[in-house]
Amino acid sequence: MIAALALAAGIVLGLILRPTVPTWLEPYLPIAVVAALDAVFGGLRARLDGIFDAKVFVVSFISNVTVAALIVFLGDKLGVGSQLSTAVVVVLGIRIFGNAAAIRRHLFRA
Amino acid sequence: MTASGDKSQPDAVRLLVDLVNDHLDPGYAAAAERRGPDPEQRWYDNVAVIIGCALVGFVLIVAYITTHRGAPEAAKVHDRLVDRVRSAQDTANDLSNRVNELQGRLDRAQAQVLSPTGDLAKSLDLARLQAGLTAVSGPGVVVTLREPSGPSSTPTTGRGGTTGIGSTNILTDRDVRSVVNELWHDGAEAISVNDVRLTPTSAIRFAGEAVLVDFQPITSPYHVAAIGDADLLATNFAQSAVASRYQTLTGVEGIGFSFADESNLSLPASQQVRVRYATVPTQRKQGHR
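Residues numbered from 1 in each chain as written. Chains lettered and ligands numbered in written order. Predicted model: local features only at pLDDT ≥ 70, side-chain atom pairs only at ≥ 80, totals over all residues.

So, about the overall build of chain B. Helix and strand content of chain B: 8 helices and 8 strands. Considering chain B as a whole, with its 289 residues, one finds that 20% of them fall into the buried category. Long-range contacts, defined here as pairs at least 24 residues apart, represent 74% of the contacts in chain B between residues at least 6 apart. (Helix = DSSP H or I, 4+ residues; strand = E, 2+ residues; numbered from the N terminus. Buried ≥ 20, exposed ≤ 12 C-beta atoms within 10 Å, placed from the backbone. Contact = placed C-beta atoms within 7 Å.)

All names here are of chain A. Across its 25 residues, helix H3 (residues 54-78) extends 36 Å between first and last C-alpha, which sits within 8% of the 36 Å expected from 1.5 Å per residue. Within H3, burial applies to Ala54, Val56, Phe57, Val58, Ser60, Phe61, Asn64, Val65, Ala68 and Val72. Just beyond H3, the residue with positive phi is Gly79, at close to 90°. (Expected span 1.5 Å × (residues − 1).)

As a further point, take the sheet that holds strand E4 (residues 204-207) of chain B. Paired through backbone hydrogen bonds, the strands of a sheet run either parallel or antiparallel to each other. Residue and element names in this part refer to chain B. One open sheet holds the 3 strands; their spatial order is E4-E5-E6, and the pairing between them is antiparallel. Pairing within the sheet leaves two strands with one partner each, and these edge strands are E4 and strand E6 (216-218). Each adjacent strand pair in this sheet contributes to an overall mean axis angle of 40°, direction not counted. Where E4 and strand E5 (residues 210-213) come together, 4 bridges link them in antiparallel fashion. The partner of Arg205 across the bridge, within E5, is Leu212. With respect to the sheet, helix H5 (residues 173-185) is in contact with E4 and E5, its orientation differing from that of E4 by roughly 170°. (Pairing = 2+ DSSP bridges. Axes fitted to C-alpha atoms, helices over the stretch in contact; angles between N-to-C directions.)

With that settled, consider the nonpolar core. By size, the foremost hydrophobic cluster in this structure holds 38 residues, and its most contacted members are A:Ile31, A:Ala32, A:Ala35, A:Ala36, A:Phe61, B:Val56 and B:Val59. Residue assignment for this core shows that the elements contributing at least two residues are helix H1 (2-17), helix H2 (29-49), H3 and helix H4 (81-108) of chain A together with helix H2 (26-35) and helix H3 (45-113) of chain B. A per-element tally of this core places H2(A) first, with 10 residues. Ignoring sequence-local partners within four residues, the contact set of A:Ile31 consists of A:Ala68, A:Ala69, A:Val72, A:Ser85 and A:Val88. Counting residues in hydrophobic clusters, the runner-up holds 30 residues, among them B:Val176, B:Val179, B:Ile191 and B:Ile227. (Core = buried A, V, L, I, M, F, W, Y, C linked by C-beta atoms within 7 Å.)

Residue and element names in this part refer to chain B. Relative to strand E8 (residues 256-267), strand E1 (residues 136-146) is paired through 10 bridges, and the arrangement is antiparallel. Directly across from Val136, in E8, lies its bridge partner Leu267. Pairing analysis gives 6 bridges linking E1 to strand E7 (residues 222-227), with the strands arranged antiparallel. Its bridge partner being in E7, Val142 is matched across the sheet by Ala225.

Attention now goes to the sheet that holds strand E2 (residues 190-193) of chain B. Residues and elements named next belong to chain B. What the 5 strands build is an open sheet, ordered E3-E2-E7-E1-E8; its pairing is antiparallel. Each edge of the open sheet is held by one strand with a lone partner, namely strand E3 (196-197) and E8. Each of E1, E2 and E7 is contacted by H5, which is oriented at about 10° to E7, the strand it contacts most.

Right, let's talk about the interface of chain B and chain A for a bit. With 30 residues of chain B at the contact, the number on the chain A side is 39 residues. Contributing elements (two or more residues each) for the side of chain B that touches chain A: helix H1 (11-21), H2 and H3 of chain B. Here the side of chain B that touches chain A gets 20 residues from one element, more than from any other, and that element is H3(B).

This next bit is on unusual backbone geometry. Excluding glycine, residues mostly carry a negative phi; peptide bonds, for their part, are mostly trans. Look at A:Arg18: it is not a glycine, yet its phi comes out positive at around 45°. A count of 11 C-beta atoms within 10 Å places A:Arg18 in the exposed class.

The subject of this paragraph is the confidence of the model for chain B. Caution applies to low-pLDDT regions: their predicted coordinates should not be interpreted in detail. Residues and elements named next belong to chain B. Residues of chain B with pLDDT of at least 70 account for 86%, and the chain-wide mean is 80. Confidence, read as mean pLDDT per element, is least for helix H8 (residues 283-288) in chain B (52) and greatest for E7 (91). Taken together, the stretch residues 151-166 has pLDDT below 50 and engages in 11 contacts with residues farther than four places along the chain or on a different chain. Among the scores for the predicted complex, ipTM is 0.87 and pTM is 0.46. (pLDDT = per-residue confidence, 0-100.)

The next point concerns the packing of H2(A) against H4(A). Residue and element names in this part refer to chain A. It is the contact of H2 with H4, at a shortest axis distance of 9 Å, that shows an interaxial angle of 25°. If you check the angle between H2 and H4, you find them roughly parallel. As for how H2 packs across H4, the hand of that crossing is left-handed. On the side of H2, the interface is formed by Pro30, Ile31, Val34, Ala35, Leu37, Asp38, Phe41, Gly42, Leu44, Arg45 and Leu48, while H4 contributes Ser85, Val88, Val89, Leu92, Gly93, Arg95, Ile96, Asn99, Ala100, Ala102, Ile103 and His106. Per-class residue counts for the contact of H2 with H4 are 15 nonpolar, 5 polar and 3 charged. (Parallel < 35°, antiparallel > 145°, perpendicular 65-115°, else oblique. Left-handed = near helix turned anticlockwise from the far one by under 90°. Nonpolar A, V, L, I, M, F, W, Y, C, P; charged D, E, K, R; others polar.)

This part is about H2(A). With 21 residues, H2(A) should cover 30 Å at 1.5 Å per step; its first-to-last C-alpha distance of 30 Å lies within 8% of that length. Two residues or fewer after H2(A) comes A:Gly50, characterised by a positive phi angle close to 80°.

This part is about the environment of A:Ile103. Residues and elements named next belong to chain A. Note that Ile103 resides in helix H4. On the basis of neighbour counts, which here come to 17 C-beta atoms within 10 Å, the residue Ile103 falls in the partly exposed class. Counting along the chain gives 62 residues from Ile103 to Phe41, while the straight-line C-alpha distance between them is 8.1 Å. If near-sequence neighbours (up to four positions away) are discounted, Ile103 is found in contact with Phe41, Leu44, Arg45 and Leu48.

Residue and element names in this part refer to chain B. A large share of E7 lies buried, amounting to 5 of its 6 residues. Bridge count between E2 and E7: 4 bridges; the pairing is antiparallel. What sits directly across from Ser192, in E7, is Ala225.

Residue and element names in this part refer to chain A. Two elements in contact, H2 and H3, have axes separated by 9 Å at closest approach and are oriented at 155°. Classed by the angle they form, the pair H2 and H3 counts as roughly antiparallel. Considering how the two elements wind past one another, H2 and H3 form a crossing that is right-handed. Contacts between H2 and H3 involve Ile31, Ala32, Ala35, Ala36, Asp38, Ala39, Gly42 and Gly43 from the first element and Phe57, Ser60, Phe61, Asn64, Val65, Ala68, Ala69 and Val72 from the second. Here the contact of H2 with H3 is built from residues that sort into 11 nonpolar, 4 polar and 1 charged.

Here it is in structure tokens:
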């Protein structure tokens, strides 16, 4: 319940502030999105598994975004930025789908 | 690690198996193990959840806004430009209708003043005919030039405005011009290109990807209609170098080229002949000489 409210609060905050993303930050936005989705699905699954831990949730989200951005930043400097960003999206995407499947199994027992 | 406890696998294989099977962050399991089966509530649990969820929502909405901020703006600019072009076209049409209407009134006024059988009226009629100011009809030939259909005529992908002139069009103003000049040469008395009447001051030019006849853009297929002695025109044109050149190009480039004589063609009047530099010497000047 608190989580849903906080999610809504974040959305409203973004809508009110409407921050302009600086150009240098724009390439990292898709990665941040995928990492955020991964955190949401991971946290939801952990809650359903009964092992949710708030600290792990926040730390894993922030560190995932940071590490993913760092990898892509490094890749950009070495000329493989787009490939590495694809790799990040693929790895996190697999996790998202796996967690979504686990949530589905929890909810529908199917 | 839960799913892939098999230690006999090599590390690389286990990494892939983990990737596919072990979706949950191992941190959750580790934390649960560390804190035991019935952990007490810590003071920062709710705060962390709130911060984390708000952060997630913020990131998602910022990404959404950033993605959608650019796209509608481009569409808006495009729509505005289209609107401006449309309204400019409407204005041009209105103005040309007005020109025609005023021209009609002028003609009627002239007819009232000049006696219809007089020499002045006759020479005026002839001059207007030759200047292309009246609609005419009569026998003649129609020459049709057509861009080849298929991939060679589709614009290349790329940023707007970067396509070079003529890189997508095989037929240009030069082709239309050479056909028109050949028809004049063959004895045509009046010519129109895609229903734009040519006058002694008409220019056939090329701008962007369109041929302009008297600044009116026309596109393929180009119908050049010429009034004159149909047999003579057709024979002369068939024997001309221009005709044989486009016959050859039909085979090589795939353009469409055909001509046929017509028993009754009607050509519209030209909208305007504006003489900017040439003037008729006034009577007084002649008298002084």
